[in-house]
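Understanding the architecture of this molecule
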Amino acid sequence: MDFFFQQLSNGLTVGGIYALIALGYTMVYGVMKLINFAHGELFALGAYIGYSLLVTMNLGGRLGPPMAIALTIIMVASLVALAGHLLERAAYRPLSHSDRLSAVVSALGASIFLQNAIMIKWGAQYRAYGADLLPNVIVNLFGQNVPLIRILVFLFAVVVMTALYAFIHRTKLGLAIRAAAIDQGAAKLMGVDVRRVIAVVFIIGPALGGLAGLLVGLYYGQINFIMGQLYGLKAFTAAIIGGIGNIPGAMIGGLLLGLIEALGAAYVSVAWKDALTFVVLILILVFRPTGLLPERVAEKL
Amino acid sequence: MSASNFQSSALGKLLTYLSILLFLSIPWLLSALGLESAPYWVDVLNNIGLYTMLALSLNLILGQAGMFHMGHAAFFAVGAYTTAILNLNHGWSIMATMPVAALAAGFVAAVLAGPIIHLRGDYLLIVTIGIVEIVRIALTNDIFGLTGGPSGLFGIARPSFFGFKLTKPHHFFYFIWFMVILSLILFNWLENSRFGRALKFIKEDAVAAENMGINTTFYKFLAFVVGAAWAGVAGTVFACRLRTVSPESFNFGESVVLFTIVILGGSGSQKGVLLGSFLVMGLPQILRDFQDKRFLIFGAALVVMMIFRPQGLIPPKPARFCLPEPWAERYGSKGD
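Thresholds, definitions, all that
Residues numbered from 1 in each chain as written. Chains lettered and ligands numbered in written order. Predicted model: local features only at pLDDT ≥ 70, side-chain atom pairs only at ≥ 80, totals over all residues. Heavy atoms only, no water. Helix = DSSP H or I, 4+ residues; strand = E, 2+ residues; numbered from the N terminus. Buried < 20%, exposed > 50% of the residue type's maximum accessible area, 1.4 Å probe, protein only. Contact = heavy atoms within 4.5 Å. Areas by Shrake-Rupley, 256 points an atom, 1.4 Å probe, with all protein chains shown as cover. Rg over C-alpha atoms; globule rule 2.2 N^0.38 Å. Lys, Arg positive; Asp, Glu negative; His and termini not counted. Charge placed at Lys NZ, Arg CZ, Asp CG, Glu CD. Phe/Tyr/Trp six-rings, centres within 6.5 Å; stacked < 30°, edge-to-face > 60°. Buried area = accessible area lost by both parts, 1.4 Å probe. Salt bridge = Lys/Arg side-chain N within 4 Å of Asp/Glu carboxyl O. Polar contact = N/O pair within 3.5 Å; in protein donor to acceptor, adjacent residues only side chain to side chain. Nonpolar A, V, L, I, M, F, W, Y, C, P; charged D, E, K, R; others polar. Core = buried A, V, L, I, M, F, W, Y, C linked by side-chain atoms within 4.5 Å. pLDDT = per-residue confidence, 0-100. Expected span 1.5 Å × (residues − 1). Patch = residues over 30% accessible without salt bridge, like charges linked within 9 Å, V, L, I, M, F, W, Y side chains within 5 Å. Arc of directions from axis to C-beta. Axes fitted to C-alpha atoms, helices over the stretch in contact; angles between N-to-C directions. Parallel < 35°, antiparallel > 145°, perpendicular 65-115°, else oblique. Left-handed = near helix turned anticlockwise from the far one by under 90°.

Let's talk about the overall build of chain B
Scanning chain B from N- to C-terminus turns up 14 helices and four strands. Along the first, second and third principal axes, the C-alpha set of chain B runs to 65 × 55 × 45 Å. Across the 336 residues that make up chain B, the buried fraction comes to 50%. Across chain B, every contact between residues at least 6 apart in sequence was considered, and the portion connecting residues at least 24 apart equals 75%. Accessible surface computed for chain B: about 16,000 Å², of which carbon and sulfur atoms make up 67%.

Some details on the overall build of chain A
For chain A, the helix and strand inventory stands at 12 helices and four strands. In summary, chain A has a C-alpha radius of gyration of 19 Å against a globular reference of 19 Å for 301 residues, a match within 12%. Along the first, second and third principal axes, the C-alpha atoms of chain A reach 55 × 40 × 35 Å. For chain A, with 301 residues in total, the buried portion stands at 56%. A separation of at least 24 residues holds for 78% of the contacts in chain A among residues at least 6 apart in sequence. When the accessible surface of chain A is totalled, it reaches about 12,900 Å², and 68% of it is carbon and sulfur. Counting 19 positive and 11 negative side-chain charges, chain A places the averaged centre of each group 6 Å from the other.

A look at the side chain of B:Ser246
Its place among the elements puts B:Ser246 in the loop between strand 4 (244-245) and helix 11 (252-265). Non-local contacts of B:Ser246, meaning those with residues more than four positions away in its chain, are made with B:Tyr81, B:Pro150, B:Ser151 and B:Gly152.

So, the packing of aromatic side chains
All names here are of chain B. Tallied over the full model, the rule gives 27 aromatic pairs over all chains. Ring centres of Tyr 40 and Trp 41 lie 5.1 Å apart, and the angle between their planes is 75 degrees; on these two criteria the pair is classed as edge-to-face. Using a relative accessible area of 29% as the deciding quantity, one classes Trp 41 as partly exposed. Aromatic rings pair up to connect Phe 23, Phe 173, Tyr 174, Trp 177 and Phe 278 into one cluster.

A short note on the interface of chain A and chain B
By convention, interface size is frequently given as the accessible area that disappears when the constituent parts associate. At the interface, 38 residues of chain A touch 36 residues of chain B. For the pair chain A and chain B, the summed buried area comes to about 3,200 Å², and 82% of that belongs to carbon and sulfur atoms. The interface formed by chain A and chain B holds zero salt bridges in total. Summed over the shared surface of chain A and chain B, the result is one residue pair in polar contact (both at pLDDT 80 or more). Secondary-structure elements contributing two or more residues to the side of chain A that touches chain B are helix 4 (65-92), helix 5 (100-122), helix 10 (227-242) and helix 12 (273-287) of chain A. Here the side of chain A that touches chain B takes 15 residues from helix 5 of chain A, the largest share from any one element. Here the residues of the side of chain A that touches chain B sort into 30 nonpolar, five polar and three charged.

Quick word on the pattern of salt bridges
Considering all chains together, one arrives at seven salt bridges over all chains under this definition. A:Asp274 is paired through a salt bridge with A:Lys234; the nearest N and O atoms lie 2.7 Å apart. With A:Asp274 in helix 12 and A:Lys234 in helix 10, this pair connects stretches of sequence that are 40 residues apart. Across the pair B:Arg136 and B:Glu248 runs a salt bridge whose closest N-O atoms are separated by 3.3 Å.

A few points about the nonpolar core
In terms of nonpolar packing, the biggest core is built from 202 residues, with A:Phe37, B:Phe224, B:Val245, B:Phe250 and B:Phe259 touching the most fellow members. For this core, the element with the most residues is helix 9 (residues 194-220) of chain A, which contributes 16 residues. Leaving out residues up to four positions away in the same chain, B:Phe250 has contacts with B:Ala73, B:Phe76, B:Ala77, B:Ala80, B:Tyr81, B:Val132, B:Phe238 and B:Val245.

Quick word on the confidence of the model for chain B
On average, residues of chain B score 82 in pLDDT, and 93% of them reach the 70 mark or higher. Taken element by element, the predicted model of chain B shows its lowest mean pLDDT in helix 14 (residues 325-331) of chain B (68) and its highest in helix 10 (residues 216-242) of chain B (90).

Description of helix 6 (residues 121-140) of chain B
For the α-helix, the turn length of 3.6 residues means that residues three or four positions removed from each other point alike. Between its first and last C-alpha, helix 6 of chain B extends 29 Å over 20 residues, near the 28 Å set by a 1.5 Å rise per residue. Across the 20 residues that make up helix 6 of chain B, a large majority, 18, are buried.

Some remarks on the side chain of A:Ser111
Residue and element names in this part refer to chain A. Examined against the element boundaries, Ser 111 turns out to sit in helix 5. Given a relative accessible area of 10%, Ser 111 falls into the buried group. With sequence-adjacent residues up to four places away left out, Ser 111 is seen in contact with Phe 37, Ala 38 and Glu 41.

So, a nonpolar patch on the surface
All names here are of chain A. On the surface, a cluster of nonpolar side chains totalling about 600 Å² of accessible area is made up of Leu 63, Met 67, Leu 71, Met 75, Leu 79, Leu 82 and Leu 86. Of the residues forming the nonpolar patch, the biggest block, six residues, is contributed by helix 4. Examined against the element boundaries, Leu 82 turns out to sit in helix 4.

A word on helix 8 (residues 194-204) of chain B
All names here are of chain B. If you check which residues of helix 8 are buried, you get Phe 195, Gly 196, Ala 198, Leu 199 and Ile 202. Along the long axis of helix 8, the arc covered by the buried residues comes to 160 degrees, so they all point the same way. Away from its buried face, by an angle of more than 90 degrees, helix 8 presents the exposed residues Arg 194 and Glu 204. Against helix 3 (38-64), helix 7 (169-192), helix 9 (206-211) and helix 10 lie the buried residues of helix 8.

A look at the packing of helix 8 of chain B against helix 10 of chain B
All names here are of chain B. Across the interface, helix 8 lies against helix 10 with an axial gap of 10 Å and an inter-helix angle of 115 degrees. Between helix 8 and helix 10, the interaxial angle falls into the category roughly perpendicular. Two packed elements cross with a definite hand, and for helix 8 against helix 10 that hand is left-handed. Across the interface between the two elements, Arg 194, Phe 195, Ala 198, Leu 199 and Ile 202 from helix 8 touch Thr 216, Tyr 219, Lys 220, Leu 222 and Ala 223 from helix 10.

Focus: unusual backbone geometry
With a phi close to 55 degrees, A:Lys33 is a non-glycine residue in the positive phi region. Within the fold, A:Lys33 resides in the loop between helix 1 (2-32) and helix 2 (39-56). Residue class for A:Lys33 comes out partly exposed when judged on its relative accessible area of 31%. Even without being a glycine, B:Arg243 presents a positive backbone phi close to 65 degrees. Here B:Arg243 shows up in the loop between helix 10 and strand 4. A relative accessible area of 31% means that B:Arg243 is categorised as partly exposed.

Written out as structure tokens, the structure is:
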């Protein structure tokens with residue numbers, strides 16, 4: 001039972017991180033019908049910017065951990081959002097009128113470019129986040145011992161996702177995003193500035209992905225330059241599980257994938273953990289390509 | 001066919017044969033010049049040749065059938081491991097393992113293709129990336145106790161022909177480029193066959209092709225399996241050239257390189273693929289500073305190409321067909 005609970009809490013924490021990344025895929029797909037292959041690299045970029053701020057510039061030592069973390073969160077989110085915006089300008093906007101597969105290849109090229117830019121800037125070896133940033137405390141939850149960091153990471157992911165959900169459903173811009181996702185042409189006719197919607201989506205998605213990168217750095221303590229590829233594929237799987245284009249779906253898909261992976265690693269095989277994700281991805285695409293919560297196409301508002 | 005056309009095509013043919021001859025004498029020229037680095041440059045050409053073989057087989061799937069397949073390294077791996085296992089565990093000679101490697105890779109492709117062939121462009125891309133990862137993880141985990149785990153298999157025999165053993169880079173040069181020429185002939189023949197014409201039609205307009213009675217699923221399936229089988233053949237060449245196979249040789253990066261070669265060169269065009277292989281595999285060797293930045297440049301090149309020249313450097317020529325006699329008289333011959 002204790003072992004099961006440990007896997008469960010680990011799965012939910014990792015799942016929260018997957019969900020944050022998956023949101024970026026699903027938002028971009030919803031509006032542009034494009035898989036942003038470079039999203040995983042934006043996530044890795046977030047992890048490395050966090051590393052530069054917390055380790056290289058030693059913000060923790062200068063400001064004290066709480067202030068340092070808060071400042072890092074703001075910096076990572078805004079810098080990765082800026083990178084996402086530049087990416088959209090350079091690699092996707094010029095292709096908005098060409099055929100979809102050209103855009104896919106361009107996205108792939110941008111992903112390869114970013115991955116290697118990160119490698120050249122920060123090096124190919126693993127980089128370690130300091131261990132002293134977050135207090136290494138074990139708390140007692142429902143009679144089980146859980147590391148505090150798991151709870152913090154999970155709570156942070158939930159808070160961010162709730163805020164996003166409120167933004168999408170309570171604000172005018174959120175309404176525009178939903179409208180553009182349902183039918184771009186009709187949204188344009190109704191006066192929605194679809195270009196602006198696309199720009200906003202490419203700011204929010206990368207910001208969330210970058211924060212997920214920071215969380216991975218804090219949770220696992222080490223990062224490397226190809227991690228964007230693996231996490232990107234997994235988060236994409238999560239988005240597909242939930243039904244790509246669907247925002248609550250990405251949240252649920254992320255948590256579900258985290259659990260599948262943690263329990264699979266614990267009870268089936270650690271060595272085959274990553275293969276398990278891809279098998280899930282292939283099975284979902286083959287048998288239920290719309291995912292668990294398919295995008296509602298004709299939604300009456 | 002007009003006279004001037006005939007002359008220019010005869011001259012063209014002559015030039016083509018001359019340049020092939022010149023190319024084939026490069027190892028001899030390099031050693032005649034007494035260059036110390038001659039074996040190294042021959043080795044670079046061998047590498048280019050191997051990737052040309054692979055890219056030509058990918059071109060059938062990606063360029064001609066228009067399927068966004070990024071898992072070619074998986075089939076390459078199946079071929080290489082088949083050769084390694086048959087040679088090391090059962091003592092088969094290298095050339096005898098080649099057809100089996102092709103069959104094994106083709107078989108794996110046939111099993112996988114069934115459920116995924118109908119997936120749309122970008123979904124197919126994701127699934128095939130997943131397949132490469134699954135294959136790599138399976139090889140690393142020493143599947144069936146055959147693949148030797150993370151360090152792979154080594155000590156594969158060298159190929160021999162009629163008692164002549166290939167040992168030096170320039171031996172392999174002739175072997176590999178013979179295989180490249182064979183690939184060119186094979187894929188050229190396929191392109192102009194009923195099969196190739198069907199693929200061309202499907203790529204132009206799948207719905208119209210289906211309406212004309214072309215079984216699109218069958219032809220796509222066939223392209224996938226044939227392309228994979230030829231990647232298996234390239235796997236044999238790879239295994240006996242390096243004499244070792246390990247999971248890291250068949251990672252996602254290899255698939256990216258192959259994909260880049262085809263897209264950059266001009267998908268669907270064999271000349272384009274040939275040029276693409278020289279650019280992608282050869283340039284980093286000439287410009288050494290380029291080496292660690294090469295993926296950075298490939299990535300940027302893909303983006304720039306898609307914006308300014310999505311059809312690639314040498315796109316395939318539009319097909320021309322002769323009109324049958326009664327129409328040819330009325331409208332004039334459109335064929336060359």
